[in-house]
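Secondary and tertiary structure notes
Chain by chain, the residues:
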Amino acid sequence: MNDAPDDAESVFLHDCLNIIVHDLGGVSGSLFLRADLLAMRGLDDDARVIRSIATEARDLGHHARLIGPPLRSSGTLGKQRGGDLNTWWPVVERFGRHFLPGGVTLDGHMNDLKVPENAVGPLSRITLALIRDVATRITATPVRLTMVATREEVANRVNLTLACSSSDGQPVVLAATDATSRWLSFARRGADTCETPMELSPIASGVTLTLPAEDS
């Protein structure tokens, strides 16, 4: 019973995100058309500026699509697709860096391992929630927050380790995990309910997220 308001709020926010993504697709399409018309009139500089804005709007829509639920109807931005970790990480980094306090930088070291199509959205949301949780446990700055992807060949799984380090690369121990953290709870719930099995393992300087490796 207590979960009903949260569920209703989640559906509402997801619907709002769907609307934004759909409208960004329409805006970017119109801007690309305008750029083409300007180029046909020989106004190449103006066309270049408009095309740049259109590309940014289109990319933002694609990125928002990767952290949200499936669209209920098709649109200019298309459906959510799988990909590899190298293409997935910049999306997470784009949103994740806004969750961090001053003096904290975010980067990642990925590889070309595939992300299952049905795991792209959940993986993105779980990772962003973990970034927010870790950010609340950083006790001093400046520090670097880095996510590194490694593959365990024997177990055929991928470890995504999000860890905090100092400017000279030494691990930084975070404040103790709060079992009631809303962001950690959100991440655990997402890992437990995702079609692709995921597991969270806390470490002193952050957390490791493990999921099955998908062959190319």
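The present account deals with the structure reproduced in this document.

Turning our eyes to something else, we now look at helix α5 (residues 182-193). Side chains three or four residues apart in an α-helix point the same way, a direct result of the helix having 3.6 residues per turn. With 12 residues, α5 extends 16 Å between its outermost C-alpha atoms, agreeing within 8% with the 16 Å of an ideal straight helix rising 1.5 Å per residue. Inspection of α5 places L184, A187, G190 and A191 among the buried residues, and these make up the whole buried set. Buried residues of α5, viewed axially, fall in a sector of 125°; they line one side. Facing away from the buried side of α5 by more than 90 degrees, the exposed set consists of R182, R189, D192 and T193.

Taken in spatial order, the 5 strands make up an open sheet running β2-β4-β5-β7-β6, and their pairing is mixed. Every other strand in the sheet has two partners, leaving β2 (104-109) and β6 (199-203) as the edge strands with one partner each. Pairwise comparison of adjacent strand axes, ignoring direction, gives a mean angle of 20° for this sheet. The sheet contact formed by β6 and strand β7 (residues 206-212) spans 5 bridges and is antiparallel. Paired with P202 across the bridge in β7 is V207. Relative to β2, helix α3 (residues 85-96) is tilted by about 170°, and along the sheet it contacts β2, β4 (143-152) and β5 (157-165). Packed onto the sheet, helix α4 (residues 120-135) meets β2, β4, β5, β6 and β7 and runs at close to 170° relative to β7.

Applying the stated criterion across every chain yields a total of 6 salt bridges. Between R94 and E56 there is a salt bridge, with the nearest N and O atoms lying 2.6 Å from each other. Taken together, the positions of R94 in helix α3 and E56 in helix α2 (residues 44-67) put the pair 38 residues apart, joining distant regions of the chain. For E56, a relative accessible area of 43% puts it in the partly exposed group. With a shortest N-O distance of 3.0 Å, R157 and E152 are connected by a salt bridge. With a relative accessible area of 32%, R157 lands in the partly exposed category. Look at E152 and you get partly exposed, because its relative accessible area is 27%.

What counts, and at which threshold
- Residues numbered from 1 in each chain as written.
- Predicted model: local features only at pLDDT ≥ 70, side-chain atom pairs only at ≥ 80, totals over all residues.
- Heavy atoms only, no water.
- Helix = DSSP H or I, 4+ residues; strand = E, 2+ residues; numbered from the N terminus.
- Expected span 1.5 Å × (residues − 1).
- Buried < 20%, exposed > 50% of the residue type's maximum accessible area, 1.4 Å probe, protein only.
- Arc of directions from axis to C-beta.
- Pairing = 2+ DSSP bridges.
- Axes fitted to C-alpha atoms, helices over the stretch in contact; angles between N-to-C directions.
- Contact = heavy atoms within 4.5 Å.
- Salt bridge = Lys/Arg side-chain N within 4 Å of Asp/Glu carboxyl O.

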